[in-house]
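# Observations on chain architecture
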Amino acid sequence: MHPDIICLGHKLRNNQITGTNARCFAILITLRKIIEEYRGSPETINKNISVLLDEVRAYLRTARKLGSGVESYLDNLKLSIFNSNRDIGLGLTKKLSDDIGDFIDQKIRKADDLIIKNGLELINDDDVILTFGRSYVVERLLRECKKKFHLIIVDNPPYYEGRQMALRLARQIPITYTCISGVAYFMRKVQKVFLGASSMLSNGALISRVGTAMISCIAHMYRKPVLVFCETYKFSEKTQLDSLSENELADPQALLEPGDKTTAINLRYDLTPRNYINMVITETGLIPPTSIPVMLRELTRIQGTN
Amino acid sequence: MLDSKKAYNHFVLLVKERPPGDFALTLIDSLLHVLKETQETTRQGLLHEMKDNTNYLTENLINVEGLTRKSSLALHTLGRFFHHYITSKLSGLSDTSLEVIRSKLVARVEDLREFVMSSRGKVLSSALEFIKDGITIFVHGNSPLVEFLLVEAAVKHNKKFSVIVSEARPDCEGYALTKSLLAVGIAARLVVDAAVAYALEEADIVLVGAETVVETGGIINGIGTYTCALCAKMLKKPFYVVCESFKFARMYPLTQKDLPEIVKDRKTLPLFRSRETDDVTNLPVLSPLCDYTPPDLVTLLFTDMGIFTPSAVSDELIQISNA
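Parameters at a glance
The numbers attached to residues start from 1 for each chain and follow its sequence in the written order. Labels follow written order: the first chain is A, the first ligand is 1, and so on. The model is predicted, so local features are restricted to residues of pLDDT at least 70 and side-chain atom pairs to those at 80 or more, both for listing and for counting; the totals for chains, interfaces and linings are taken over all residues. Values reported for side chains reflect all heavy atoms of the structure, with hydrogen atoms and water molecules removed beforehand. Put simply, a salt bridge is a Lys or Arg side-chain nitrogen that is within 4 Å of an Asp or Glu carboxyl oxygen. In this description a helix means any DSSP run of H or I spanning at least four residues, a strand means any run of E spanning at least two, and both kinds are numbered starting from the N terminus. When accessible area is computed with a 1.4 Å probe and restricted to protein chains, residues below 20% of their type maximum are described as buried, those above 50% as exposed, and intermediate ones as partly exposed. For two strands to be treated as a pair, DSSP must find no fewer than two bridges joining them. By definition, residues are in contact when any of their heavy atoms lie within 4.5 Å. By buried area we mean the combined loss of accessible area, with a 1.4 Å probe, across both parts when two parts are placed together. Pairing of N or O atoms within 3.5 Å defines a polar contact, subject to two protein rules: one partner must be a possible hydrogen donor and the other a possible acceptor, and residues neighboring in sequence count only if both atoms are side-chain atoms. Asp, Glu, Lys and Arg are counted as charged, while Ala, Val, Leu, Ile, Met, Phe, Trp, Tyr, Cys and Pro are counted as nonpolar; the rest, among them Gly, fall into the polar class.

Bringing the pattern of salt bridges into the picture now. Evaluated as defined, the whole model comprises 36 salt bridges over all chains. Across the salt bridge formed by Arg 223 of chain A and Asp 296 of chain B, the nearest N and O atoms sit 3.4 Å from each other. In this pair, Arg 223 of chain A is assigned in the loop between helix 9 (212-221) and strand 7 (226-229) and Asp 296 of chain B in the loop between strand 8 (290-293) and strand 9 (300-303), connecting two distinct chains. The closest approach of N and O atoms between Lys 247 of chain B and Glu 244 of chain B, which form a salt bridge, is 3.1 Å. Classification of Glu 244 of chain B by relative accessible area gives buried; the value is 11%. One network of salt bridges, with partners in common, ties together Arg 57, Arg 61, Glu 71 and Asp 75 of chain A.

Residue and element names in this part refer to chain B. The strand order across the open sheet formed by three strands is 5-6-8, and the pairing between neighbours is antiparallel. At either end of the open sheet lies a strand with only one pairing partner, and these are strand 5 (212-213) and strand 8. Note that strand 5 and strand 6 (residues 219-222) share two bridges and pair antiparallel. Residue Val 213 lies in a different strand from strand 6, and its bridge partner there is Ile 219.

Turning to the pairing of strand 9 of chain B, a few remarks are in order. Residues and elements named next belong to chain B. Taking every second residue as pointing to the same face, both faces of strand 9 are buried, with Leu 300 and Phe 302 on one and Leu 301 and Thr 303 on the other. Pairing geometry for strand 7 (residues 239-242) and strand 9, over three bridges, is parallel. Bridge pairing in strand 9 places Val 241 opposite Leu 301. Bridge count for strand 9 against strand 10 (residues 306-308) is three bridges, and the pairing is antiparallel. The residue of strand 10 that forms the bridge with Phe 302 is Ile 307. Connecting the antiparallel pair strand 9 and strand 10 is a turn made up of two residues.

Taken together, the contacts link 14 residues of chain B with 16 residues of chain A. For the pair chain B and chain A, the summed buried area comes to about 1,300 Å², and 57% of that belongs to carbon and sulfur atoms. Interface area lost by chain B to chain A is led by Tyr 252, Leu 254 and Ile 318 of chain B, which between them contribute 45%. Counting every contact that joins chain B to chain A gives two salt bridges. Among the ionic pairs, Arg 297 of chain A bridges to Asp 315 of chain B, the shortest N-O distance being 3.1 Å. At the surface where chain B touches chain A, the tally comes to five residue pairs in polar contact (both at pLDDT 80 or more). Counting residues per element, the side of chain B that touches chain A draws most heavily on helix 13 (residues 310-322) of chain B, at six residues. Of the residues that constitute the side of chain B that touches chain A, the class distribution is five nonpolar, five polar and four charged.

In sheet architecture, strand pairing relies on hydrogen bonds along the backbone and comes in two forms, parallel and antiparallel. All names here are of chain A. Pairing within the open sheet is antiparallel, and its three strands lie in the order 5-6-8. Edge strands, defined here as strands with exactly one partner in the open sheet, are strand 5 (199-200) and strand 8 (269-272). Here strand 6 (residues 206-209) runs beside strand 8; their pairing, made up of four bridges, is antiparallel. Following the sheet pairing, Leu 206 is matched in strand 8 by Thr 272.

Residue and element names in this part refer to chain A. As for its position among the elements, Asn 21 is in helix 2 (residues 20-36). On the basis of relative accessibility, which here comes to 7%, the residue Asn 21 falls in the buried class. Only 2.6 Å separates the side chain of Asn 21 from the side chain of Tyr 233, close enough to count as a polar contact. Excluding anything up to four places from it in sequence, Asn 21 contacts Ile 108, Asp 112, Tyr 136, Glu 231, Tyr 233 and Lys 234.

Let us now look at unusual backbone geometry. In terms of backbone geometry, most residues other than glycine have negative phi values and most peptide bonds are trans. Looking along the chain, the bond that leaves Pro 157 of chain A and enters Pro 158 of chain A is cis, with omega of 0 degrees. Considering the arrangement of structural elements, one finds Pro 158 of chain A in the loop between strand 2 (149-155) and helix 7 (162-169). Phi is positive for Asn 158 of chain B, close to 55 degrees, though the residue is something other than glycine. Structurally, Asn 158 of chain B is set in the loop between helix 7 (144-155) and strand 2 (162-166). Here Asn 158 of chain B falls in the exposed class, since its relative accessible area comes to 53%. Although it is not a glycine, Ala 168 of chain B adopts a positive phi angle of roughly 60 degrees. On the secondary structure map, Ala 168 of chain B appears in the loop between strand 2 and helix 8 (174-183).

Have a look at this one:
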């Protein structure tokens, strides 16, 4: 196994790279590097690269689940290897490398630029915005916004990701920092809730950092709009009704004091049902959560004609 | 020389000639007039001229005599839809001669005109089976489409139902609707706005029109609609909306504050009836023209494209914009 992959596996397992966008980016960049470094025979390149791809995926999965967006992209990549001309030879590495580069450029970088452009219009002067955890795109949006608003950052043990966001934004935005137990107190004063996403499902549900469902529920109770910022590559064909049927477990020791023998469950994600979400901001525009399967259909159609 | 006021001037002319009310067709006719008389020789020039005329027309609708500020919102949406329609049809034409392009485009716009003209009949056929014999319908305000629906159902389809109409202050549109329903023999009664919840107990369904249907599946309609919708939800009465599909707009309001500027405030329109004394009419007021009814309060929308649930509206809008 390539040392870069082993290193990446380590980082994923030890939470050194967190956040769906960051992990997707790291996985694809590393994969692109090792595809470019392929030095095997050009005759069997199609088969070899396909096998390489499978091995890398299997290895990374032992470190941590990859995420549905990455998995579906890699499935497409494998399909494009299969559909490639047999005589392409070493040109295949260039083709795949370009494909990965395009994906990162279009579906992550440019998508985020468009999401932020759409999102800037949703912030008004004197707004109080509540956000949870640390979403890359929400952080960038808040940093680029030139309007005067107040930010409430809600945080959650064991990883306290909100602190990172607070440190980065405190210089330019007045911030109130609180834990989840304080949310009901602040929710009255809030105008909008901004959330990031790990993925969004076909039934309009949101999979995001554990605690998001609670925030959305409280926001709904107070009739405050909940806005989810999500790139379209994170849209999944899957459907899920609750947080427990499919989830990821992180290290239980992170929740306990050293030496404590209690059984702890450290869930990474939870599921927010569709009716607690008011709007999803994607690079294609603003859509209601019920339109996720519509978007998936349109994107597959557009991809098919290309 | 590009004349972007051509459509506007023609519109003002047609509004004077025609009976009041059906402004959608008048808008299309004005833009069709520009298209037929265009002197442009290039595709881009043609598109540019249409775009400028559409923009000028929709932005100056409020200055047109005889047009209410509320209906200008629906026409604004139609204008945008028209522009999108023309652009997508134009890009689909591969002919080189501008004459051919122009005549094909005129034919497409005339199709659109046909569609808009027949939309009322289609809405009627969507909604008819929900107007059953013996029911009591609660209507808020006066939408021309609702009036058409109820009159046709009673006269042409012999449905027997009764109607409760709310006044819809401050414009009191409900008075005109009650009169026209009584004129065709429908048992109609008027209630004050404060009695909406009281009257809903007796009603079986609630029926309203819409100025605009937004992306969420919610509607923007005359002030008081939101109140009716909230009461209907509480009292478990179905809340039905009738509207044409050209009123679907890619707007996404989250709260009442997000309404378009043009309907947020009544501005110079009178709030109080002339009988009220001066010391009341000088009070500071909060007087919106329209309100936003969120999709969770809307049961179904009856449109010329069929019966929609609120979540299907976004699907339709995405399809229209990707077509």
